[in-house]
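Secondary and tertiary structure notes
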Amino acid sequence: MEKTSNSKSLPPSPLSRERVLQVALRMADGDGIEALSMRKIAQELGVKAMSLYNHVANKDDILDGIVDMVVAEIELPDPKIDWKAAMRQRAISAHTVLLRHPWAAMAMMSRVNVGSAMLRYVDATLGFLREAGFSFETADHAWNAIDNHIYGFTLQELNFPFEPGEYAQQAESFILFIPPEKYPYMNRLAHYVIEGRYDGLHDFEFGLDLILDGLERLREKQ
């Protein structure tokens, strides 16, 4: 005779702000923040939409919360290593995190973000640059210049119209639009890509190092 189990199924996890934000983050990563709504988040959680308001104020509160969760994933500059190496590491970490959450770069640029992770991120960066020898004004310009490169490069990478492996093929298909008699340098560069002499890939760290090298020269003058 088959034995029946006396164990009972575990009750569902209680609803909390953290759980609401985790589900919203997963949904945003999958479908973008445009697809988020209180109703859809509630459906994903298996609850009524009104019950969410016990833990979050509204959709804007959810967006602020998930932006802060993304920021918390970015490495802060390490005070134990050289300032350029630390800021380089921070920038690469930010770029990697924002590629993992494709909606986040635009949200970080277009919203006033005052979550605890964001405030810690900015304060740690500003303080790190100040302790490295930059004035407050220059430190503010410095981290903004680096972050502008991070956001801009990330958005371009996320929205580029074709994949890196397609560059040579695309260059060949567009070569007729850039005849050498009108656009000699673009035509020559396209042939470099078509012939495999250059992959055509833009390099995040190339631009980053240009900024850091310029900041180093500026720091030495202060």
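Residues numbered from 1 in each chain as written. Predicted model: local features only at pLDDT ≥ 70, side-chain atom pairs only at ≥ 80, totals over all residues. Heavy atoms only, no water.

**Digging into the domain arrangement of the protein**
Selection criterion: By convention here, the domain bounds are inherited from an automatic or database domain assignment. When checking whether two residues touch, look at their non-hydrogen atoms; a contact exists if any pair is within 4.5 Å. What gets called buried area is simply the loss in accessible area from a 1.4 Å probe that two parts show on being joined, summed for both. A pair is scored as a salt bridge if a Lys or Arg side-chain nitrogen falls within 4 Å of a carboxyl oxygen belonging to Asp or Glu. Think of a polar contact as two N or O atoms within 3.5 Å of one another; within protein, one of them needs to be a possible hydrogen donor and the other a possible acceptor, and neighboring residues in sequence only count if both atoms come from side chains.
Each assigned domain of the protein is listed here: domain 1 (17–56) and domain 2 (69–220). For domain 1 and domain 2, the distance between their C-alpha centroids amounts to 31 Å. Listed per partner, the contact involves six residues of domain 1 and six residues of domain 2. Of the roughly 520 Å² buried between domain 1 and domain 2 on both sides combined, carbon and sulfur atoms contribute 78%. Three residues, Leu 25, Asp 29 and Ile 33, lead the burial of domain 1 against domain 2; their summed loss comes to 74% of the area buried on that side. Linking domain 1 with domain 2 are zero salt bridges, by the criterion used here. The interface formed by domain 1 and domain 2 contains two residue pairs in polar contact (both at pLDDT 80 or more).

**Focus: the UniProt feature "domain: HTH tetR-type" (unreviewed entry) in the protein**
Applied cut-off: UniProt positions are given in the numbering used here, feature names are shortened, and annotations may be inferred rather than shown by experiment. Helix and strand definitions here come from DSSP, where helices need a minimum of 4 consecutive H or I residues and strands a minimum of 2 consecutive E residues; each element is numbered from the N-terminal end.
The positions that UniProt labels "domain: HTH tetR-type" (unreviewed entry) are, in the present scheme, residues 14–74. Between the first and last C-alpha atoms of residues 14–74 the distance is 29 Å; the span itself is 59% helix and 0% strand.

**Let's talk about the confidence of the model for the protein**
Any region with low pLDDT has predicted coordinates that should not be read closely. As a reminder, the rule being used: As a per-residue quantity, pLDDT reports the predictor's confidence and falls between 0 and 100.
Per-chain confidence: the protein averages 93 in pLDDT, with 95% of residues scoring 70 or above. Least confident of the elements in the protein is helix α8 (residues 167–174), whose mean pLDDT is 94; most confident is helix α4 (residues 83–100), at 98.

**Some thoughts on the UniProt feature "DNA-binding region" (unreviewed entry) in the protein**
UniProt records the feature "DNA-binding region" (unreviewed entry) for residues 37–56 in the present numbering. The distance separating the terminal C-alpha atoms of residues 37–56 is 12 Å; by composition the span is 40% helix and 0% strand.

**Observations regarding helix α1 (residues 17–31)**
Note the cut-off: A helix is expected to span 1.5 Å for every residue after the first. In this scheme, a residue with accessible area under 20% of its type's maximum is buried, one over 50% is exposed, and one in between is partly exposed, where area comes from a 1.4 Å probe on protein chains only.
The first and last C-alpha atoms of α1 sit 21 Å apart over 15 residues, in line with the 21 Å expected at 1.5 Å per residue. When α1 is considered as a whole, its buried residues turn out to be Val 20, Leu 21, Val 23, Ala 24, Leu 25, Met 27 and Ala 28. Contacts from the buried residues of α1 go to α2 (38–45) and α3 (59–71). Of the residues flanking the end of α1, it is Gly 32, one or two places downstream, whose phi is positive at about 85°.

**Considering α2**
Worth spelling out the cut-off: It is the directions from the helix axis to the C-beta atoms whose arc is reported.
For α2, every residue scored as buried is listed here: Met 38, Ile 41, Ala 42 and Leu 45. Looking straight down α2, one finds its buried side chains confined to an arc of 100°; they lie on one side. Of the surrounding secondary structure, the elements contacted by the buried residues of α2 are α1 and α3. Backbone geometry just after α2 places Gly 46 at a positive phi near 75°.

**Comments concerning the side chain of His 101**
With respect to the helices and strands, His 101 occurs in the loop between α4 and α5 (104–110). Look at His 101 and you get buried, because its relative accessible area is 5%. Engagement of the side chain of His 101 in a polar contact is seen with the side chain of Asp 29, the distance being 2.8 Å. Sequence-distant contacts of His 101, that is, excluding residues within four places in its chain, are made with Leu 25, Asp 29, Val 70 and Glu 73.

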